[in-house]
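Residues per chain, in single letters:
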Amino acid sequence: MTTALSPDELATSDVDPFSYQVLTDPLPMHAALRDAAPVVYLSRYDVYALARYRDVHAALINWQDFQSAAGVGLSNFRYEKPWRPPSLLLEADPPQHDAPRRVLSKILGPRALRRLRDGWFADAETLVDQVLSGAGSEFDAVPALAEAFPLRVFPDAVGISPHGREHLLPYGNHAFNAFGPDNDLVAKGAATVARNSAYVGRQCARDALTPDGFGARIWAASDRGEITPAQAPLVVRSLLTAGVDTTVHGLSAVLYAFATHPEQWQRLRAEPSLVRVAFDEAVRWESPVQTFFRTATTELTIGAGTGHPVAIPEGKKILMFLAAANRDPRHWADPDSFDLARDPSGHVGFGMGLHQCVGQHIARLESEALLSALARRVSSLELAGPIQREHNNTLRAWRSIPLRIRTA
């Protein structure tokens, strides 16, 4: 029997994953954590880090031992009050998680995708035509495409008013920042969080929603007794919190990937069926959602098969580096390359298991529509200047991707 490492033997790091230096370029830290050990103790925050694919994947699918209900950020809801009512999907475990998840999975299922497909493809064609005719050969892909398209089609699908949508991105940005420590990124959003939260809260009310959108279907599920009336607005809120920013940065990631890998753009144009592979490969390669936390429900032993098992005490926070797992050379061949010949299935960019992103197929449809419209019109694209990132405690976020394109 192998004895777990003592605290003195445990791989330890004083790195700050939420520092500006790391948020600007997290790849060196990811590699260092992967190479150090299956589990690394981060002394600055008193948390245990997982960065290898095998261990991150195992934690994601084991909700019994790796709890989400104590919060998926650094804050531990066992001892600290959340800044807002916890998410019924992201920050809940069975049985509380089951009914909201079941309702939303049905609403966002294949029937919804079929209903939305033609309209979203037409909207993508219209948007791309407008951008190419108005901006000429150079434009910033983040506001022009990656933000504009999701903010046009997804809130329409939820059923909220066109007015006030400018609150959605800063609200989501603050929500993802709040998963990290109470640093200056959180403070930066504090001035507007009340206003943005109030806006989002109003959109979740039954009478604010159109009768044919996802939101109305959530309230209809409440009427049928599938969820409670108190749960319905929180389920709508989950869509508005996690369904915009993540897609914006996923679309930004795939556009950046093609701008820096021109041969892959030519491959997509030659084989349009690769459009869905392209988005998942970009999510693996760039990981718009970089990290999530779990809390140990019992004393856990990780790395037993390595000969150096680590015991994580009950109640301790565990930081899962999704982005590090998605580039782990122990699992992926040539992980730092963006390659449409790769099968990216199994990446953890959308999570995995019970808490896997319920709206991932919606995001894939948005990407498919936008990339298909671009591929028919744009023969080549490249960076036209330096990119700009937006620092965020959880997201690999974008501010600007200047593109230079040549039309077909």
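Our subject in this report is the structure included herewith. Note that the structure is a prediction, hence the values are computed from the model and not measured. (Residues numbered from 1 in each chain as written. Predicted model: local features only at pLDDT ≥ 70, side-chain atom pairs only at ≥ 80, totals over all residues. Heavy atoms only, no water.)

### Topic: the packing of helix H5 (residues 110-135) against helix H6 (residues 141-158)
1) Next: It is at 11 Å that the axes of H5 and H6 come closest, and there the two elements cross at 150°. Crossing of H5 against H6: the hand is right-handed. Of the residues in H6, those in contact with Leu116, Trp120, Asp123, Ala124, Thr126, Leu127, Val128, Gln130 and Val131 of H5 are Ala144, Leu145, Ala148, Phe149, Arg152, Val153, Phe154 and Ala157.
2) Next: When its residues are assigned to classes, the contact of H5 with H6 shows 13 nonpolar, two polar and two charged. (Axes fitted to C-alpha atoms, helices over the stretch in contact; angles between N-to-C directions. Helix = DSSP H or I, 4+ residues; strand = E, 2+ residues; numbered from the N terminus. Left-handed = near helix turned anticlockwise from the far one by under 90°. Contact = heavy atoms within 4.5 Å. Nonpolar A, V, L, I, M, F, W, Y, C, P; charged D, E, K, R; others polar.)

### Considering the nonpolar core
1) Next: The biggest cluster of nonpolar side chains holds 84 residues, and the ones touching the most others in it are Phe139, Leu145, Val158, Phe214, Ile218, Phe258 and Trp265.
2) Next: Not counting chain neighbours up to four residues away, the residues in contact with Ile218 comprise Leu104, Ile107, Ile227, Ala232, Val235, Val236 and Leu239.
3) Next: Residues Ala59, Leu60, Phe176 and Ile302 belong to the second largest nonpolar core, which totals 29 residues. (Core = buried A, V, L, I, M, F, W, Y, C linked by side-chain atoms within 4.5 Å. Buried < 20%, exposed > 50% of the residue type's maximum accessible area, 1.4 Å probe, protein only.)

### With respect to the sheet that holds strand S13 (residues 402-407)
1) Next: In spatial order, the strands read S5-S13-S10; together these three strands make up an open sheet with antiparallel pairing. Because the sheet does not close on itself, it has two edges, and the strands there are strand S5 (138-140) and strand S10 (378-383). The sheet shows a mean angle of 30° between the axes of neighbouring strands, direction not considered.
2) Next: Note: S5 against S13, three bridges, orientation antiparallel. Paired with Asp140 across the strands is Pro402, a residue of S13. (Pairing = 2+ DSSP bridges.)

### Notes on helix H4 (residues 98-107)
1) Next: Considered for burial, the residues of H4 that qualify are Ala99, Pro100, Arg101, Val103, Leu104 and Ile107.
2) Next: Summarising the contacts, the buried residues of H4 are in contact with H5, helix H9 (214-223) and helix H10 (232-242).

### Considerations on the sheet that holds strand S1 (residues 12-13)
1) Next: Spatial ordering of the open sheet is given by S1-S2-S3-S9-S6-S4, a layout of six strands whose pairing is mixed. Each end of this open sheet is capped by a strand with a single partner; those strands are S1 and strand S4 (66-67).
2) Next: Strand direction decides the pairing type here: S4 and strand S6 (residues 291-296), joined by two bridges, are antiparallel. Bridge pairing in S6 places Phe66 opposite Ala296.
3) Next: Its contacts with the sheet place helix H3 (residues 53-61) against strand S3 (47-50), S4, S6 and strand S9 (317-321), and it is angled at close to 125° to S9.

### Side note on the packing of aromatic side chains
1) Next: Taken as a whole and assessed by the stated rule, the structure comprises 13 aromatic pairs.
2) Next: Ring centres of Phe18 and Tyr45 lie 5.5 Å apart, and the angle between their planes is 80°; this geometry places the pair in the edge-to-face category. With Phe18 in the loop between S1 and helix H1 (20-24) and Tyr45 in the loop between strand S2 (40-42) and S3, the pair connects residues that are 27 residues apart, well separated along the chain.
3) Next: Among the aromatic side chains, those forming a connected cluster through ring pairs are Tyr256, Phe258, Trp265, Trp285, Phe338 and Trp398. (Phe/Tyr/Trp six-rings, centres within 6.5 Å; stacked < 30°, edge-to-face > 60°.)

On their own, these measurements won't tell you what the molecule is for.
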